[in-house]
Amino acid sequence: MRIDQSIIAKQNEQHFDAHQKKLAIAAETVPDLESVIQKLVDFQVAIPSWALGAGGTRFGRFSIGGEPGNLEEKISDVGLLHALNQSSGAISLHIPWDIPSDPEKIKALAAEHGLVFDAMNSNTFQDQPNQKLSYKYGSLQNVNRAIRKQAIDHNIEVIEYGKALGSNSLTVWLSDGSNFPGQLNFRKAFQHTLEGLQEIYATLPDDWKLFVEYKAFEPNFYSMTVGDWGQSLLYAQKLGPKAFTLVDLGHHLPNANIEQIVSLLLMEGKLGGFHFNDSKYGDDDLTVGSIRPYQLFLIFRELVEGMDSRGMNHAKDLGWMIDASHNIKDPLEDLLQSVEAIQIAYAQALLVNNAEMEAAREHNDVVLAQELLQNAFRTDVRAIVAEARLRKGAALRPLETYRNLKVRASLIEERGAVSRASGL
Ligand code: PSV
Ligand code: MN
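Below is a summary of the structure that appears in this document. (Residues numbered from 1 in each chain as written. Chains lettered and ligands numbered in written order. Predicted model: local features only at pLDDT ≥ 70, side-chain atom pairs only at ≥ 80, totals over all residues.)

Looking at the overall build of the protein
Of regular secondary structure, the protein possesses 16 helices and ten strands. Principal-axis analysis of the C-alpha atoms gives the protein an extent of 65 × 60 × 40 Å. Counting only residues that meet the buried cut, the protein has 46% of its 424 residues in that class. Long-range pairs, those at least 24 residues apart, make up 80% of the contacts in the protein between residues at least 6 apart in sequence. (Helix = DSSP H or I, 4+ residues; strand = E, 2+ residues; numbered from the N terminus. Buried ≥ 20, exposed ≤ 12 C-beta atoms within 10 Å, placed from the backbone. Contact = placed C-beta atoms within 7 Å.)

In structure tokens, the structure reads:
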């Protein structure tokens, strides 16, 4: 299924007058409206190929219907999102879930939908059918050199697929760690992992980045070998200038101050990419902004301020991606919600006046500093975000348009009610 721009334009007509009124109100409160809109126009968030089907827990999985059964269909689903919001112009692939058998064809198909390939992701957290050696006791950290070598070779192969598709980054998330005290020699696990990452790094093309993603828990529950930003940063620093830390919002221990982490990583020039999601207890799977929208705003505020202080391009210099799983919602609806939540937090962060903020801090004016943040957070920027979409030929109301066009019903008709996407 494809959504033609003229259909979107038709859907927009009914909302156009109301939109103009709301935008006029927003214009009164936002001094530099045009520049905010332009930044939103430029901003793209990549969609993970593994988030397009139903997720699940170890207790069960409930099918959504019409799930993409192969890479071509996954690209087509991201194409639908992009047609609706013109802000999801990239797809991130996970190997071996998404092996492109004919990369040229896949690249051309993606281009037809206006999509490029974001970071490539390796998978050494599962054993694949016919795999020679098992990752049961870890991959790059493993005490067995042959297993480490298998994991290294896999990552190098993923880079090769990425090169063929025009990607320029590799995200390495390792589930390595231990479940019980005594199981691992922490230093040896670190050294083995570092050596493996160094071998992978050595094969990285000059214009590529390597993202080292950390996670505090799951699937290992006693220790994780890349468990927090400190460990990730250590690896990234030891590897070299093409290696960066990747922050997945759901991978922290409860109450971690993620905005401070982001600020310091940016200061060190070592923040590489982002996986957006939200979480209530300890998972990394919920809709962006659904639980802690203020935290998301505070993170964006540090991102904007930190990138500006280094003269970075907001849209291009960091890898922006959603990483979520959808147990009960239609994944496409959820992804539309997530992209919008990201744009709202970004727009609000752009409203904070940095000079006023710094002056308040210099005077230890705690109240004013807090007010400046909260005023921005409490500004309704939805019309501004919608205007940016409108200028790109996207839907004023992507979710409503998705429902009006009965996209899921068409996908079920095309692919059947029991199709199943590869992934977790
Ligand atoms: C791990 O929880 C993670 O966040 C990594 O980014 C993986 O690549 C992804 O989820 C899918 O398992
Ligand atoms: Mn992630």
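Brief notes about the pairing of strand β2 (residues 90-94)
Most of β2 sits inside the fold, with five of its five residues counted as buried. In terms of strand pairing, strand β1 (residues 47-48) meets β2 through two bridges, oriented parallel. By the bridge assignment for β2, Ile 47 is matched with Ile 91. Handedness of the crossover joining β1 and β2 through helix α4 (residues 71-85): right-handed. Of the strand pairs in this sheet, β2 and strand β3 (residues 116-121) are connected by four bridges, and their pairing is parallel. For Ile 91, the partnering residue across the bridge sits in β3 and is Phe 117. With respect to chirality, the unit in which β2 leads through helix α5 (residues 103-112) into the neighbouring parallel β3 is right-handed. (Pairing = 2+ DSSP bridges. Right-handed = clockwise from strand over helix to strand, strands pointing away.)

Describing the site of ligand 1
Near ligand 1, the surroundings consist of ten residues, among which Asn 121, Trp 173, Glu 213, Asp 248 and Asp 323 are the closest. For the shell around ligand 1, the residue count by class is three nonpolar, two polar and five charged. (Near = placed C-beta within 6 Å. Nonpolar A, V, L, I, M, F, W, Y, C, P; charged D, E, K, R; others polar.)

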